[in-house]
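Okay, here's what each chain looks like letter by letter:
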Amino acid sequence: MKALPEKERPRTISNQILELINRLFHFEAEYKEKHYIASEITKHRHDDQVPVLDRLKALVFETVPTPNLAFEGALNYVRNIWDQLLTYLDYPYLDISNNLAEHAVKPFVINRKVFMTSGSYAGAIYTTKIFSIIRTAVINHLDVEKYLTYVLEQIDHVAVEDLLPYSEKLPARLRMTRKSA
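These numbers come from a predicted model, not from an experiment.

(A) Representation of the layout of surface pockets in the model. Estimated volume of the largest pocket: approximately 620 Å³. Every residue lining the largest pocket is counted, 24 residues in all, and those nearest its centre are I21, L56, V78, L85 and I96. When contributions to the lining of the largest pocket are tallied by element, the ones reaching two or more residues are helix 1 (13-33), helix 2 (38-62) and helix 3 (70-85). Ranked by residues supplied to the lining of the largest pocket, first place goes to helix 3 with 9 residues. Looking at the lining of the largest pocket residue by residue, the class counts come to 19 nonpolar, 4 polar and 1 charged. The space that makes up the second largest pocket amounts to roughly 320 Å³. Around the second largest pocket, the lining is made up of 15 residues, and of these I133, Y147, L148, V151 and L163 lie nearest the centre. For the lining of the second largest pocket, the secondary structure elements donating two or more residues are helix 6 (121-139) and helix 7 (144-154). Looking at the lining of the second largest pocket element by element, the count peaks at 5 residues for helix 6. Its residues assigned to classes, the lining of the second largest pocket shows 13 nonpolar, 2 polar and no charged.

(B) Representation of the environment of L86. Locating L86 in the fold gives a position in the loop between helix 3 and helix 4 (99-110). Under the relative-accessibility criterion, L86 is labelled partly exposed at 23%. Distance in space between the C-alpha atoms of L86 and E19 is 18 Å, their sequence separation being 67 residues.

(C) Representation of the pattern of salt bridges. Following the criterion strictly, the structure yields 5 salt bridges and no others. Two residues, K32 and D95, come together in a salt bridge whose shortest N-O distance is 3.4 Å. One end of the pair, K32, is in helix 1; the other, D95, is in the loop between helix 3 and helix 4, with 63 residues separating them in the sequence. Taking the relative accessible area as the measure of exposure, D95 reaches 23% and is therefore partly exposed. Between D47 and K43 there is a salt bridge whose closest N-O contact spans 2.4 Å. With D47 and K43 both in helix 2 and 4 residues apart, the pair spans about one turn of that helix. Given a relative accessible area of 43%, D47 falls into the partly exposed group.

Calculation rules
Residues numbered from 1 in each chain as written. Predicted model: local features only at pLDDT ≥ 70, side-chain atom pairs only at ≥ 80, totals over all residues. Heavy atoms only, no water. 1 Å grid on protein atoms, 1.4 Å probe; cavity = no way out; pocket = protein on both sides within 12 Å on 5 of 7 lines; lining within 4 Å. Points joined across faces, edges and corners; volume = space filled by probe spheres on them. Helix = DSSP H or I, 4+ residues; strand = E, 2+ residues; numbered from the N terminus. Nonpolar A, V, L, I, M, F, W, Y, C, P; charged D, E, K, R; others polar. Buried < 20%, exposed > 50% of the residue type's maximum accessible area, 1.4 Å probe, protein only. Salt bridge = Lys/Arg side-chain N within 4 Å of Asp/Glu carboxyl O.

Geometry only, nothing functional implied.
Structure below.
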């Protein structure tokens, strides 16, 4: 679309697709703003978004793009994973986008040079596991230093499942307070 003159963009299929996608994201923002509970999110996703998704599906599957353009590749990609894209409809805790995953892996991308200097393949694997534990602790609002200290102190005395960053059996003192968050 960027290659087209601005006045021609609104008439394109790609613009219509983007408008429908933006509508889906608008609904998601609305649900968060209204603090809907899980059952309400599922109901509203089906009521509000399924008609939009039906229009989007028609555009994606009925459009015959110009061969060898990026748009053709994008359409083919979406066609191949269409059913997986709709998984979020029935699972209110899933986000409509992969932004959470992108943010979770960002530190790994930034620190990839650390992995290259791990000394060995095994060292890189251990470094990756440690980063994964740390990121999961952060996502679960744990004080990473307190959490890792607790794990090292308790590893021989507590079941591993009870030491996982999302375990409900972790002491409350490991959680971030609002001041330190």
